[in-house]
Amino acid sequence: MEDIGNLMHGFAVALTWKNLLFMFVGILLGVLIGVLPGLGGANGVAILLPLTFTMPPTSAIIMLSCIYWGALFGGAITSILFNIPGEPWSVATTFDGYPMAQKGRAGEALTAAFTSSFVGAFFAIVLITFLAPLVAKFALKFGPPEYFAIQLLTFCSFVGMGREPPVKTIAAMMIGFALAAVGIDTVTGTLRMTYGMPALLQGFDFLVAVIGLFGLGEIFLTMEEGLSFKGKSGRIDPKIVWKTWKELPRYWATSLRACLVGCWMGITPGGATPASFMSYGMARRFAKNRDKFGEGEIEGVVAPETAAHAAGTSALLPMLTLGIPGSPTAAVLLGGLLIWGLQPGPLLFVEKKDFVWGLIASMYLGNIVGLIVVLTTVPWWAAILRIPFAIIAPVIVVICAIGAYTVHNNMFDVVMMVVFGVIGYVFKKLKYPLAPFVLALVLGDMAETSFRQSMLLSGGNMGIFWSNPLVGSIVTLALVILCWPLVGKLRSRGGGGGTPAPKEA
Amino acid sequence: MVFTLRRAFVAAGFAVAVASPFPAFAAWEPTKPVEFVVPAGTGGGADQMARFIQGVVAKNNLMKQPLIVVNKSGGAGAEGFLEVKNAKGDANKIIITLSNLFTTPLATGVPFNWKDLTPVAMLALDEFVLWVNSESPYKTTAEYMTAIRGADAGKFRMAGTGSKQEDQIITVALEKAVGKKMTYIPFKGGGDVAVQLVGKHVDSTVNNPIEAVAHWRAGTLRPLCVFDSAPMAYTAKITATQAWGDIPPCKTQGLAVEYLMLRGIFMAPGVTQEQVNFYIDLFKKVRATPDWKKFTEDGAFKDSFMVGKDFVDWVSQAETIHKQLMQEAGFIAK
């Protein structure tokens, strides 16, 4: 096979001492970027991009993509230890990762997160290696109705299964939608709900909200409950990695599902954040011990992490073959490619073989290097929880503030972070779920835009969502998933039940 | 973790340094990192150019202080413009503009105008090309116009970047020339727009050359005409048979629409001529590099450099044209 030959050649390109060194440096920088909330992969790559202009393009892109891997790995650390998602796609990791840490199982959660990240990314790389041209064509099938269908599927696979009363879930989601609507409206180009305040022009950034809701909200709660971390009793065991690994194969089905969801979302390109939410939702739906989710299930860490990484990795494919970035970080990498005189697009694979296969080979190597680097640090990260609360809490607050500031270099965002912190605290006290709120905030804007674009295309006819087999089957699947719990209830009550009919929206 | 925290504190100190206001000096040269504001998101045309300039400046040591690109895309760029407008006398801040310098205040009513800023230089002008899918039957502008005229209003679909911005302005002008409405579908970025056309979800686009060139070379898109008075100056073959210069101007094809987008640099109000001169000089040096030559060639930019009165005259004229076009299209905020 020609691809294998190309890949071997790629390994030869990537496997020089210099490039391996760049990989290590990239991974380390990436982990640090991922740990600092708000700095994020996109900002990190943007800041470091100029440093790489003096390098040969292949080395430069290897280092930058390793920063990207590192950031993906690093995002999980603060999510698990402090309930602060370092990256948007780590939000779903907090749902079970943080309760695990509180129970003294931080080491296990971290190992599970890192290993799943690796599995997801590896799956995606194999897919890229062998299916690149095919997959690129599939991405072209996605117009506005298809995007909306995917976003609908994300909502449906996540909604309607929480333990909270549906009214509270819907209320939380509506607040999220309302906040997502602030700022410029892509479809009409007018400002909405900015009330003449320049600070509101940007709208409410998802990251700022998440840092406040989860990070600060949690600190407020801890302060009320006695100024100490619950997880500090956890023993630090250097063998924790092996112990966790023995347990992980049990979740192969969840992993596989998460890989598929992730790759699909990365390629289309729905992005890593919806992928992680969708995967978590599905894992919970299919799990036997559904009710334990949210209390510290290792499966609840495996599902979102695997999907996020599969998506984050496969997002590079539409970037290389079509020039459309699947994530903000990919967008900055794309800028880098142009500066090196590499033109992403269908011909890149033909004209710049060395570069493309060098990059793909570096994905394999970068991931392996990354896994080794992060796994060896697991006991150290877990040990942070033993530092007294009085020392670590102010540090977390400062890091949160810096994170919120760096999102847009704006002081107003720091104020908003504190406001969101209070909202997070109040939500928890009143037992309103945060997840639907966050999901609506991150996807609301996108879903609204693609819905209205679809309506423009069809002249207001809802039939567009069943206009071809692809969009029709996604929308139907979404509605089936939404109605599934009802069907389950009917079945357990009446015995018979029936298949749910796709209802007209 | 200790290392992490130290990095965080360094980052914090750095951030504060960038944000603090700074008095102007005589015999001038930037004394701290220069903030290069991009009033648009990452990955777009203006962002690419800014990051490219940042790279050239760093690579060739053109400035003692680093140049730092900051995206302020809120409110269709209003956030970035307002920030520079309010940074009176701060010479360590420059902004790259696109057409939203004119369109955003008109469409959203956010209070700023180019006269609130200090004009520095025009770096280049960006061209617009009418594209269709290469599998569509339209080989010439005339054929496409006839097809639009013959169909029901709104049947032909044009994708573009943003709403009430340059792409939609061109679309409205095109509708006027053809005498039939199209359906305009706004997307967030130029790359998305091009891919929507490749996937045949829409009928045409008015992408900038750089946004569509990869697909043109791959044979999936076909250029019909360029919205300029003369053909583009680049004669190197891009596809097997065609160069940028082979695309005919729209007005010779019976479509009398012209539009060029400014890629210019502005500073905050209240800076001295000496400070402006420093940046004019800097950009002259950037333009002299081979990197810049290659960059403008790849993006098929119209390479025109203007400073001082010429630049101000050009900008005032462009503002009048935008006002008129947007008035006619009904895009002005009430």
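Our subject is the structure that appears above.
The sections below set out a description of the structure shown in this document. Given the structure is predicted, the values throughout are model-derived calculations rather than measurements.

**Observations concerning the overall build of chain A**
- Looking only at helices and strands, one finds 22 helices and 2 strands in chain A.
- Put simply, chain A has 505 residues, and 63% of those count as buried.
- Considering only residue pairs separated by 6 or more positions, chain A has 79% of its internal contacts joining residues 24 or more positions apart.
- Counting every atom, chain A has about 18,700 Å² of accessible surface; 70% of that belongs to carbon and sulfur.

**Observations concerning the state of the cysteines**
- On inspection of all chains with the given rule, the structure shows 1 disulfide over all chains.
- Here C225(B) engages in a disulfide with C250(B); their sulfurs sit 2.1 Å apart. Measuring the twist about the S-S bond at about 85 degrees, one finds the C225(B)-C250(B) disulfide to be right-handed. You can see C225(B) sitting in strand 9 (residues 221-226) and its partner C250(B) sitting in the loop between strand 9 and strand 10 (261-267), a full 25 residues away along the chain.
- As a non-bridged cysteine, C483(A) has C156(A) as the owner of its nearest cysteine sulfur, 8.1 Å distant.
- Overall, the relative accessible area of 18% leaves C483(A) in the buried class.

**Remarks on helix 6 (residues 106-140) of chain A**
All names here are of chain A.
- If you check helix 6, its first and last C-alpha atoms are just 42 Å apart, much less than what 35 residues at 1.5 Å a residue would give, namely 51 Å.
- Taking the largest bend as the criterion, helix 6 deviates by roughly 95 degrees, centred on L131, and proline P133 comes between one and four positions later.
- For helix 6, a buried count of 25 out of 35 residues is recorded, marking the element as mostly surrounded by other parts of the structure.

**As for the interface of chain A and chain B**
- At the junction of the two partners, chain A supplies 55 residues and chain B supplies 54 residues.
- Counting each side, the surface lost to burial between chain A and chain B is near 4,600 Å², with a carbon and sulfur contribution of 67%.
- The tally of links between chain A and chain B comes to 1 salt bridge.
- Residue D445(A) pairs with K188(B) through a salt bridge whose shortest N-O separation is 3.4 Å.

**Topic: the sheet that holds strand 1 (residues 34-38) of chain B**
- Pairing in this open sheet of 6 strands is mixed, and the strands run 2-1-3-10-4-11 (chain B) from one edge to the other. Looking at the sheet topology across the chains shown, the edges are occupied by strand 2 (67-71) and strand 11 (306-307) of chain B.

**Quick word on the packing of helix 9 (residues 206-225) of chain A against helix 21 (residues 435-458) of chain A**
Residues and elements named next belong to chain A.
- It is at 10 Å that the axes of helix 9 and helix 21 come closest, and there the two elements cross at 170 degrees. It follows from the interaxial angle that helix 9 and helix 21 lie roughly antiparallel. Each of F206, A209, V210, L213 and F214 in helix 9 lies in contact with helix 21, whose residues at this interface are F437, V438, L441 and V442.

**Overview of a nonpolar patch on the surface**
Residues and elements named next belong to chain A.
- A surface patch of nonpolar side chains, about 500 Å² in accessible area, is lined by I4, M8, V126, F130, L131 and L134.
- Residue assignment for the nonpolar patch shows that the elements contributing at least two residues are helix 1 (2-14) and helix 6.
- A total of 4 residues in the nonpolar patch trace back to one element, the largest contributor, which is helix 6.
- For F130, the location among the structural elements is in helix 6.

**Examining the nonpolar core**
- If you look at the biggest cluster of nonpolar residues, it comprises 192 residues, and the most contacted ones within it are L81(A), F95(A), F114(A), I360(A), V438(A) and W244(B).
- Looking at this core element by element, the count peaks at 17 residues for helix 4 (residues 57-82) of chain A.
- Residue contacts for I360(A): discarding those within four places in its chain leaves L7(A), I125(A), I128(A), T129(A) and F349(A).
- Core analysis: the next-biggest nonpolar cluster, separate from the first, contains 67 residues, L67(B), A124(B), F128(B) and W292(B) among them.

**Here we look at the pattern of salt bridges**
All names here are of chain A.
- One pass over the full model with this rule turns up 26 salt bridges over all chains.
- R192 is the salt-bridge partner of E448, the closest N and O atoms lying 2.9 Å from each other. Of this pair, E448 sits in helix 21 while R192 sits in strand 2 (residues 191-192), and the two are 256 residues apart along the sequence.
- Note on E448: relative accessible area 22%, which makes it partly exposed.

**Things to note about the packing of helix 2 (residues 17-35) of chain A against helix 17 (residues 353-376) of chain A**
All names here are of chain A.
- Closest axis-to-axis distance for the helix 2/helix 17 pair is 10 Å, and the angle between their directions is 55 degrees. With respect to each other, helix 2 and helix 17 are oriented oblique. In this structure, the crossing between helix 2 and helix 17 has a hand that is right-handed. On helix 17, the residues that touch M23, F24, I27, L28 and V31 of helix 2 are S362, L365, G366, V369, G370, V373 and V374.
- Of the residues contributing to the contact of helix 2 with helix 17, the split by class is 9 nonpolar, 3 polar and no charged.

**Observations regarding the packing of aromatic side chains**
- Scanning the entire structure with this criterion turns up 33 aromatic pairs over all chains.
- Arranged with centres 5.8 Å apart and planes meeting at 45 degrees, the rings of F427(A) and Y432(A) form a pair that is tilted.
- Relative accessible area serves as the criterion here: at 30%, Y432(A) is assigned to the partly exposed category.
- In this arrangement the basic side chain of K168(A) is found over the ring face of Y432(A), its NZ or CZ atom lying 5.1 Å from the centre.
- Over the ring of F156(B) we find K155(B), and its NZ or CZ is 5.3 Å from the ring centre.

**Description of unusual backbone geometry**
Residues and elements named next belong to chain B.
- One non-glycine residue with positive phi stands out, namely A76, at about 50 degrees.
- Its place among the elements puts A76 in the loop between strand 2 and helix 3 (78-86).
- A76 gets classed as buried once you look at its relative accessible area, which sits at 15%.
- In the Ramachandran plot, K200 falls in the positive-phi region, its phi being about 60 degrees despite a non-glycine side chain.
- Mapped onto the fold, K200 is located in the loop between helix 7 (190-198) and strand 8 (204-205).
- Note on K200: relative accessible area 49%, which makes it partly exposed.

**Structural notes on the pairing of strand 10 of chain B**
Residues and elements named next belong to chain B.
- Along strand 10, 7 of the 7 residues are buried, which leaves the element largely enclosed by surrounding structure.
- Burial along strand 10 is two-sided: the face carrying M261, R263, I265 and M267 and the face carrying L262, G264 and F266 are both buried.
- The pairing of strand 3 (residues 93-97) with strand 10 spans 4 bridges and is classified as antiparallel. Across the sheet, residue T97 finds its bridge partner in strand 10, namely G264.
- With 7 bridges connecting them, strand 4 (residues 118-126) and strand 10 associate as antiparallel partners. Bridge pairing links P119 to F266 in strand 10.

What counts as what
Residues numbered from 1 in each chain as written. Chains lettered and ligands numbered in written order. Predicted model: local features only at pLDDT ≥ 70, side-chain atom pairs only at ≥ 80, totals over all residues. Heavy atoms only, no water. Helix = DSSP H or I, 4+ residues; strand = E, 2+ residues; numbered from the N terminus. Buried < 20%, exposed > 50% of the residue type's maximum accessible area, 1.4 Å probe, protein only. Contact = heavy atoms within 4.5 Å. Areas by Shrake-Rupley, 256 points an atom, 1.4 Å probe, with all protein chains shown as cover. Disulfide = S-S within 2.5 Å. Expected span 1.5 Å × (residues − 1). Bend = angle between axes of the 7 residues up to and from the residue. Buried area = accessible area lost by both parts, 1.4 Å probe. Salt bridge = Lys/Arg side-chain N within 4 Å of Asp/Glu carboxyl O. Pairing = 2+ DSSP bridges. Axes fitted to C-alpha atoms, helices over the stretch in contact; angles between N-to-C directions. Parallel < 35°, antiparallel > 145°, perpendicular 65-115°, else oblique. Patch = residues over 30% accessible without salt bridge, like charges linked within 9 Å, V, L, I, M, F, W, Y side chains within 5 Å. Core = buried A, V, L, I, M, F, W, Y, C linked by side-chain atoms within 4.5 Å. Left-handed = near helix turned anticlockwise from the far one by under 90°. Nonpolar A, V, L, I, M, F, W, Y, C, P; charged D, E, K, R; others polar. Phe/Tyr/Trp six-rings, centres within 6.5 Å; stacked < 30°, edge-to-face > 60°. Lys NZ or Arg CZ within 6 Å of the ring centre and 35° of its normal.

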